[in-house]
Amino acid sequence: MRWLRRILVGLLLVVVAVGIFGFFLVRRSFPQVEGQIEAAGLDGVVEVIRDADGVPHIYAGTSHDLFFAQGYVHAQDRFWQMDFWRHIGAGRLSEMFGDGQVETDLFLRSLDFTGIAEQELALMAEEHRAIVVAYADGVNAFLATRSPSQISLEYAILPLQASGYEMEPWSPVNTLTWGKVMSWDLSWNMLQEIDRATLSGALPPDRVAQLYPTYPEDHPVIVPSDRTAAAGRTTPGLPDGALTALVSAGERVRDAWGVTGGGFGGIGSNNWVVGGSHTDSGLPVLANDPHLAIQMPSIWYQNGLHCAERSDACPYRLVGFSFPGTPGVVIGHNERIAWGVTNQAADTQDLFIERLNPDDPAQYEFDGEWLDMETRDETIEVAGGDDIDHQVMVTHHGPVISETYFDEPPFTGSSLDLPDEYAVSLSWQTLQPSTLVEAIIGVNRATGYDEFRTALAKWDIAGQNVVYADVDGNIAYQATGELPVRASGDGSWPVPGWTGEHEWVGVVPFEEMPSILNPPDDHISTANNPVVAPGGQPFFSVDANYGYRAARIEEMLANAPAGFSVASAQELQMDGADGGAPNLMPHLLAVRSDDESVDAMQGVMEPWSTGPGAYVANPDSPGCAAYQATWSHLLRLTFQDELPEDSWPDGGSRWFTVVAALVDSPDDPFWDDVRTEVVENRDIILEQAMIAAHHELSGLLGDDPSSWRWADLHVASFENLTFGQSGIAPIEWLFNRTAPARVGGSDDIVNAVGFHPPDGYGVDWLPSMRMVIDLADLPASTSVNSTGQSGHAFHRHYDDMLASWADGTHHPLRWDREQVEDGSEGNLALIPAP
């Protein structure tokens, strides 16, 4: 017994020792928020006050010190995230994570974000170059005083996966590549092009067209104009072998999105601004909630930037949301204006099928001549493995992004009888030097509408719908980004690159980009819906969101009672009305079946479809759970038999529109499951979908449908994009967090908490933050991040906003210094090193 006690005591001591070691290992990277820190490179003392939510408010005497300190605090809280993102931008993930990222690096190297960013830095005006340099100096001042494990817990774990990693200083180029990574995340047109071409090999053109319907006539556009005929969608002839090249390109595109968390076809955002004639204060209220991939920590970092005395030399006083790794505030307000953004879904990407010379695959045909491709040699360093040499090929259209040159399977959708040596190149506006950082800095210091628009003229990539309000009562909208002008076509399909018929011949001038100032109805809203009516000018895309969120927001704003307020905006952000359900539900309820499970499903869905809360995706709703499961199985049963896996429905607004048309055609061929001997029709598939959904939910949630809860299916698991997806449970436990089981919303609902039906009901994209600005009382403005300020696992601010985010409650967006200091948790002085 004595020996047993000794063994147990020994084991207990080991556990305690491991626990103590783990406790200190975790906490050693937590930031210092009190006292003084010497930092080489400062002009003077900078004060950093952390408010009660851990948000740093920086008070500095010069612009240089302000952005230096922003770089410093970004690195304090989020450097692992920044380091990971810069390795994405540079195509150097294999250096951190080994050979599993080689294919992704190969693709990212072909885009050459680093080379473009270097050109960008050289072209940047000295004033703006000084800002990104000061920011980098601040990051490096922090890194210089810490070992890797003192910077973030992930660096203590990284050697277990990839030994020998050496951290590099931060560079201004790292900052500039991040804008290109975000532009990549927000772009999905190339995948739509690939999907159309792939589908054309399996379905006739009229059935492909059914899957890409035109925009609903009764849904709003952002800048109203007379509707004209919908733009025609031609199907360019593609040569044999091109489909294989496209599939190859598509696989590499999806690999890259798997790392960055982007590429969701339905992903978007909401913003609106309500003018003073509708508000309780007589001045505007502006709201924004960008929808991005679910991740831990949040992509956003909240901060305040305050010049101690505003002057031409230091003109900044603002607060809002930034991206770690970049200076300034992307979304927020200063003392005179506020702004918010949504993704425009503009088509700035075209895929060109390049005809290769069968005698020299480094040549491609254009306008009857063989041209030499440009080449660039790249070396992929692989942690724990050998270097990989790779040659990037570039045509005048852009980099070749496919791996396929000589595969020869027939392409059944081809209309051209041509040889089969082809590759795919990408034209994309982001692959040019950009002035995006200059635009953001210009917006940050704008004092009125004219200065605001002047700044937005430089917002040339990742085009956004920007709404505006100011303390003088003005409200406005501006479309940003450079739109390519095509010699022919609409960019919806891959096109032959050798004919010269589809070249880009310029960009739309900023003066011709749509804008609105003080509209008669005194409100503006955007939700990734088309900027102009189909067929209108300038041409943006045929692949915008189909407008269900936009229609609901417009309905709510048009019918809002007088006295719209911050609380009104917060309530609208959490609106859960499902715009697709009313088109489908009457047909589901009309099905007659001998199967008791159909009666059970109809019994729980029917009450959900009536009354004041009809079709609302509330977290506690049994009817919503039943409907979403039925919807998921309906998409599976209707489309998966004929569509390639990569084209399976994602459940977003396009599929709302597709199914809305199909239910009015009960014998449409899509209803038939070609894998069976029976010819199914609409009602058979609707019945089967309800039966399958009942069976699934009974297994997941129990046999009593009245006890089902949508939130028990719709789980929001926030995963760290690196070790949180390692497959090693103890490591994932360290970094991942799950929101309380109170998450409602769904795809293309105003509370846009999306899921991907082929993969279940778990949340995959969401409102990444929510913000409401009161231009009459800036300290009354509010916000909530999706996770918390900190990127350090187990820090109090790592996940302290999860519950607020799930419930739709906000925190103060603190503005005045007195408000910042009230309940603050730290006051740090950064002082110049002697």
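Below, the structure is looked at part by part. (Residues numbered from 1 in each chain as written. Predicted model: local features only at pLDDT ≥ 70, side-chain atom pairs only at ≥ 80, totals over all residues. Heavy atoms only, no water.)

### Comments concerning the nonpolar core
Within the largest apolar cluster, 150 residues are counted, with the highest numbers of intra-cluster contacts made by Leu 111, Phe 452 and Trp 805. Looking at this core, the element that brings in the most residues is helix H2 (residues 63-90), giving 13 residues. (Core = buried A, V, L, I, M, F, W, Y, C linked by side-chain atoms within 4.5 Å. Buried < 20%, exposed > 50% of the residue type's maximum accessible area, 1.4 Å probe, protein only. Helix = DSSP H or I, 4+ residues; strand = E, 2+ residues; numbered from the N terminus.)

### Side note on the state of the cysteines
For the structure on display, the rule yields one disulfide. A sulfur-sulfur distance of 2.0 Å marks the disulfide that ties Cys 307 to Cys 314. Classification of the bridge connecting Cys 307 and Cys 314 rests on its S-S torsion, roughly -85°, and on that basis the disulfide is left-handed. Residues Cys 307 and Cys 314 agree in their burial class; the two are buried. (Disulfide = S-S within 2.5 Å.)

### Looking at the packing of aromatic side chains
The full count for this structure, using the stated rule, is 31 aromatic pairs. The structure contains a cluster of three or more aromatic residues connected by ring pairs, namely Trp 80, Phe 84, Phe 97, Tyr 155, Tyr 165, Phe 723 and Phe 735. Its guanidinium or amino end placed over the ring of Tyr 212, Arg 654 lies 4.1 Å from that ring's centre, counting from NZ or CZ. Over the aromatic face of Tyr 59 sits the side chain of Arg 817, whose NZ or CZ is 4.6 Å from the ring centroid. (Phe/Tyr/Trp six-rings, centres within 6.5 Å; stacked < 30°, edge-to-face > 60°. Lys NZ or Arg CZ within 6 Å of the ring centre and 35° of its normal.)

### Considerations on unusual backbone geometry
Cis rather than trans, the peptide bond between Met 296 and Pro 297 has omega equal to -5°. In this structure, Pro 297 sits in the loop between strand E5 (285-293) and strand E6 (301-307). The omega torsion across Gln 537 and Pro 538 is -5°, close enough to zero to call that bond cis. Secondary-structure assignment places Pro 538 in the loop between strand E22 (523-526) and helix H15 (548-558). Positive phi outside glycine occurs at Phe 794, with the angle close to 75°. Note that Phe 794 resides in the loop between strand E28 (782-785) and helix H24 (802-807). Since its relative accessible area comes to 36%, Phe 794 is described here as partly exposed.

### What about the sheet that holds strand E16 (residues 464-470)?
Pairing in this open sheet of 11 strands is mixed, and the strands run E1-E30-E2-E3-E6-E7-E8-E9-E16-E17-E21 from one edge to the other. The open sheet has two edge strands, strand E1 (35-39) and strand E21 (515-517), and neither has a second partner. Within the sheet, the average angular offset between the axes of one strand and its neighbour, ignoring direction, is 15°. Taken strand by strand, H2 contacts E1, strand E2 (46-50), strand E3 (56-60), E6, strand E7 (317-322) and strand E30 (826-832), and its axis lies near 155° from that of E6. (Pairing = 2+ DSSP bridges. Axes fitted to C-alpha atoms, helices over the stretch in contact; angles between N-to-C directions. Contact = heavy atoms within 4.5 Å.)

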